[in-house]
Number of protein chains: 2
Amino acid sequence: MNIGIVGLGLIGGSLALDFKAQGHQVFGVSRREDTCRQAIARGVVADASSHMNLMAAAEVVFICTPIAAIVPTVTQLIPHLAPTAVVTDVGSVKAPIVQSVSQLWANFVGGHPMSGTAEQGLAAAQPNLFVGNPYVLTPTTSTPDTAIQLVEALVRSLKSQIFFCRPEDHDRAVAWISHLPVMVSASLISACLSESDQTVLELAQSLASSGFRDSSRVGGGNPELGVMMAQHNRSAVLQSLQAYRHCLDHLISAIEQENWQALTTQFQQTQQARPKFVQ
Amino acid sequence: MNIGIVGLGLIGGSLALDFKAQGHQVFGVSRREDTCRQAIARGVVADASSHMNLMAAAEVVFICTPIAAIVPTVTQLIPHLAPTAVVTDVGSVKAPIVQSVSQLWANFVGGHPMSGTAEQGLAAAQPNLFVGNPYVLTPTTSTPDTAIQLVEALVRSLKSQIFFCRPEDHDRAVAWISHLPVMVSASLISACLSESDQTVLELAQSLASSGFRDSSRVGGGNPELGVMMAQHNRSAVLQSLQAYRHCLDHLISAIEQENWQALTTQFQQTQQARPKFVQ
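Residues numbered from 1 in each chain as written. Chains lettered and ligands numbered in written order. Predicted model: local features only at pLDDT ≥ 70, side-chain atom pairs only at ≥ 80, totals over all residues. Heavy atoms only, no water.

## Describing the overall build of chain A
Where we set the bar: Think of it this way: any DSSP run of H or I at least four residues long counts as a helix, any run of E at least two long counts as a strand, and we number them from the N terminus. Exposure classes here rest on a 1.4 Å probe applied to the protein chains alone. A residue is buried below 20% of its type maximum, exposed above 50%, and partly exposed in between. In this description, contact between two residues means that some pair of their heavy atoms is separated by no more than 4.5 Å. All accessible-area figures derive from a Shrake-Rupley calculation using a 1.4 Å probe, and residue coverage is judged against the displayed protein chains alone. When charges are tallied, Lys and Arg are placed among the positive residues and Asp and Glu among the negative ones, while His and the ends of the chain are skipped. Think of each charge as sitting on NZ of Lys, CZ of Arg, CG of Asp or CD of Glu.
In terms of regular secondary structure, chain A is built from eleven helices and nine strands. Taking the principal axes of its C-alpha atoms as reference, chain A extends roughly 70 × 40 × 30 Å. For chain A, with 279 residues in total, the buried portion stands at 57%. For chain A, the share of sequence-separated contacts (at least 6 apart) that also reach a separation of at least 24 residues comes to 66%. When the accessible surface of chain A is totalled, it reaches about 11,400 Å², and 50% of it is carbon and sulfur. The averaged location of the 20 negative side-chain charges in chain A is 5 Å from the averaged location of its 16 positive side-chain charges.

## Observations concerning the pattern of salt bridges
The condition that has to hold: One side-chain nitrogen of Lys or Arg within 4 Å of one carboxyl oxygen of Asp or Glu is enough to make a salt bridge.
Considering all chains together, one arrives at 20 salt bridges over all chains under this definition. Residue D89(B) pairs with K94(B) through a salt bridge whose shortest N-O separation is 2.9 Å. Accessibility assignment for this pair places D89(B) and K94(B) in one class, buried. Among the charged side chains, a network of salt bridges with common partners joins R245(A), D249(A), R245(B) and D249(B).

## Remarks on helix 1 (residues 10-21) of chain A
Residue and element names in this part refer to chain A. Convention followed: Take the number of residues in a helix, subtract one, and multiply by 1.5 Å to get its expected span.
When the terminal C-alpha atoms of helix 1 are compared, their 17 Å separation across twelve residues agrees well with the 16 Å that a helix rising 1.5 Å per residue should span. With ten of twelve residues buried, helix 1 is to be regarded as a mostly interior element. Among the residues making up helix 1, those that are buried are L10, I11, G12, G13, S14, L15, A16, L17, D18 and F19. In this fold, the buried residues of helix 1 make contact with strand 1 (2-6), strand 2 (25-29), strand 4 (60-63), strand 7 (111-113) and helix 5 (145-157). Immediately downstream of helix 1, the backbone of G23 shows phi near 100 degrees, a positive value.

## Observations regarding the relation of the copies chain A and chain B
Formally: When the copies are superposed, the least-squares fit takes in the C-alpha atoms of residues with a pLDDT of at least 70 in both.
Laying chain A over chain B is done by rotating through 180 degrees and shifting 0.0 Å along the axis; what remains is an RMSD of 0.1 Å. Such values leave the two copies arranged in the relation of a two-fold axis. Of the interface residues in chain A, 100% have counterparts in chain B that sit at the interface too, so the contact is made through matching surfaces.

## Focus on the side chain of S185(A)
All names here are of chain A. Rules: Polar contacts, as counted here, are pairs of nitrogen or oxygen atoms within 3.5 Å of one another; within protein the pair requires one atom able to donate a hydrogen and one able to accept it, and residues that are adjacent in sequence qualify only if both atoms are side-chain atoms.
Its place among the elements puts S185 in helix 6 (residues 167-193). Within the structure, the side chain of S185 is placed 3.3 Å from the backbone oxygen of S216, a separation counted as a polar contact. Residues contacting S185, with those up to four places away along its chain left out, are S215, S216, R217, V218 and G219.

## Digging into the sheet that holds strand 8 (residues 134-137) of chain B
All names here are of chain B. To keep things clear, this is the line we draw: Between any two strands, pairing holds if DSSP finds at least two bridges. Think of each axis as a best-fit line through the C-alpha atoms, taken over the contacting stretch in the case of a helix, with angles from 0 to 180 degrees between the N-to-C directions.
Strand order in the open sheet formed by three strands is 7-8-9, and the pairing between neighbours is mixed. Two strands lie at the open edges of the sheet, namely strand 7 (111-113) and strand 9 (161-164), each paired on one side alone. Averaged over neighbouring strand pairs, the angle between their axes works out to 15 degrees when direction is ignored. Where strand 7 lies against strand 8, three bridges are found, and the strand directions are antiparallel. Residue pairing for strand 8: H112 is matched across the bridge by V136.

## Side note on helix 9 (residues 223-232) of chain A
Every buried residue of helix 9 of chain A is listed here: P223(A), G226(A), V227(A), M228(A), M229(A) and A230(A). Its buried side turned inward, helix 9 of chain A meets helix 6 and helix 10 (234-256) of chain A together with helix 10 (234-256) and helix 11 (260-273) of chain B. Among the residues of helix 9 of chain A, the N-terminal cap falls to N222(A), whose side-chain oxygen and the backbone nitrogen of E224(A) are separated by 2.9 Å.

## Some thoughts on the sheet that holds strand 3 (residues 47-49) of chain A
Residue and element names in this part refer to chain A. Pairing is parallel across the open sheet formed by six strands, whose spatial order is 3-2-1-4-5-6. Either end of the sheet is taken by a strand with one partner, and the two such strands are strand 3 and strand 6 (108-109). Sheet analysis places strand 4 next to strand 5 (residues 86-89), joined by four bridges and oriented parallel. Bridging from a neighbouring strand, V61 pairs with V87 of strand 5. Contacts from helix 1 reach strand 1, strand 2 and strand 4, with the element oriented near 165 degrees to strand 1. Packing of helix 3 (residues 70-77) onto the sheet brings it into contact with strand 1, strand 4 and strand 5, and relative to strand 4 it is tilted by some 150 degrees.

## What to know about the interface of chain A and chain B
Where we set the bar: Note on definitions: buried area is the accessible-area loss of two parts on being combined, 1.4 Å probe, summed for both.
With 86 residues of chain A at the interface, the matching set in chain B holds 86 residues. Approximately 8,300 Å² of surface area, both sides summed, lies buried where chain A meets chain B, with 69% of it carried by carbon and sulfur atoms. A per-residue breakdown of the area chain A buries against chain B is headed by L207(A), R274(A) and F277(A), which together make up 9% of the total. Linking chain A with chain B are eight salt bridges. The salt bridge partner of D249(B) is R245(A), with a shortest N-O separation of 2.6 Å. For the pair chain A and chain B, the number of links is 27 residue pairs in polar contact (both at pLDDT 80 or more). Listed by contribution, the elements that provide at least two residues to the side of chain A that touches chain B are strand 8 (134-137), helix 6, helix 7 (198-207), helix 8 (210-216), helix 9, helix 10 and helix 11 (260-273) of chain A.

## Focus: the environment of Q242(B)
Tracing the backbone through its elements, the reader meets Q242(B) in helix 10. Judged by its relative accessible area of 37%, Q242(B) falls in the partly exposed class. Along the chain, Q242(B) and P134(B) lie 108 residues apart, while their C-alpha atoms are 27 Å from each other. The contact partners of Q242(B), leaving out residues within four places of it in the chain, are I252(A) and E256(A).

## A word on the packing of helix 3 (residues 70-77) of chain B against helix 4 (residues 95-104) of chain B
All names here are of chain B. The condition that has to hold: Every angle not falling under 35 degrees, over 145, or within 65 to 115 is termed oblique; those three ranges are roughly parallel, roughly antiparallel and roughly perpendicular. Residue polarity is assigned by list, with Asp, Glu, Lys and Arg as charged and Ala, Val, Leu, Ile, Met, Phe, Trp, Tyr, Cys and Pro as nonpolar; anything else, Gly included, falls into the polar class.
Remark: helix 3 packs on helix 4, axes separated minimally by 10 Å, with the N-to-C direction vectors making an angle of 10 degrees. The orientation of helix 3 with respect to helix 4, classified from their angle, is roughly parallel. Between helix 3 and helix 4, the residues in contact are I70, V71, V74 and T75 and I97, S100, V101 and L104, respectively. Grouping the constituent residues of the contact of helix 3 with helix 4 by class yields six nonpolar, two polar and no charged.

## With respect to the packing of aromatic side chains
Residue and element names in this part refer to chain B. Here is the rule: Two rings belonging to Phe, Tyr or Trp (six-membered ring only in the last case) form a pair when the distance between their centres is within 6.5 Å. Interplanar angles under 30 degrees mark stacking, angles over 60 mark edge-to-face geometry, and anything in between is tilted.
Inspection of every chain in the model, using the stated rule, returns six aromatic pairs over all chains. With 6.5 Å between their ring centres and 55 degrees between their planes, F130 and Y135 make a pair best called tilted. No difference in accessibility class separates F130 from Y135, as the two residues are buried.

Dropping the structure here:
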């Protein structure tokens, strides 16, 4: 099959490596000539270009740009596409993208491979990145079956764990387990920084161990990623933050009132619930 | 040296193992006869008993009971102590303990070894548990120098990293980096459980990965431990929770107002600050 990849970063490059290894013809587009040269040199793709016309022969195109560039990229891509070509994306938020892109190109299936590494860019691309990890597909009632089947078959060939859901449900689910943790964790670090007594702050820095390390990890990550989550999944992130604030207030109030039974009950519930999220 | 350990759990048992290996005479007291028998059988102590009179020959006694039992235990211990005996404890909150115990026994040095495992009890005790980990000592201006020097020398022999500070500063520091993360992390799990749409909740449970795993770890731990932190370090925990809530509100407000510059600045600060806590 002729497969196009637009955006040759970690995800695009890793998809290209896997599809090429399966014997597909893989073509890549990157804005940067330098990335195109590297992709060809590393054997990630059969050919690469900064021009969308390389996508003319593609039967399916994966849009692997940063999330803000997905809709503009599809707009640029459309004049070069074969009429039967299927388009899919790898954006980490789905409802706004699916809504916009579906209107531009009917043969579109929203996707979100939930694989990542700390590293970014083509240099970090690796084979088998998607094996065993969730890959969410968000077709709508108007998505053609043929398009869904084609994308599903390719994703299955990556040995991903496929989930089908509505774009809105995806966005609410990732708000809970991916975006809210970033906001909660960043606020933890911010709160510690508010300590005005330098002796206490330095002592806290010296004594912090695995509990703080784990709790603060996603809040101390790439600022652009955190802002992207809030910008593109704003409504679901705000809903999850309001619910979180309510739970936090409940906990603070239990401690203020020395209602240790209520606090015990809350901790028992969280202890019992966590394994359902982290099997 | 004759060393007494009252409370033969993870910490007491591990201290006993290390001191015995150094050639000290180590005696243990546990409320449970069964624990005493196990401690002798495993060679953790030279002798063990459920009676405090075993502590009569001790030059120093480590109180290693759960935090709520420390003051009552010292009260029971005192009639059996030699007048020159030094007492220290391993409680994770210091100000209320130091204040109470200092009035009962002048030769007292508050301590907090910050070593732990997921396991509890004598069976989990292990040699070298304290190597390289922080061990906080909180003498006051009225603590005799001889008592401080004796405890410091023993703690140093464990190859711990020793920190000296005021009991109140210890409690504020651990509120930030140990107790607040538990409250923040538990509230994260509680918030996710508030999702009323079962489809979204199950999807969130399926999609949760390392970010959620790390952020939720300490909030899904032992409920008794979380309640103990709130009960015994209530004032510092509430102060840190109020500061946290303020930072969270700031973040929510930035997202509500789409003030992406403010949000970027906050995430840049947290990214920059985290390495100071997790060297």
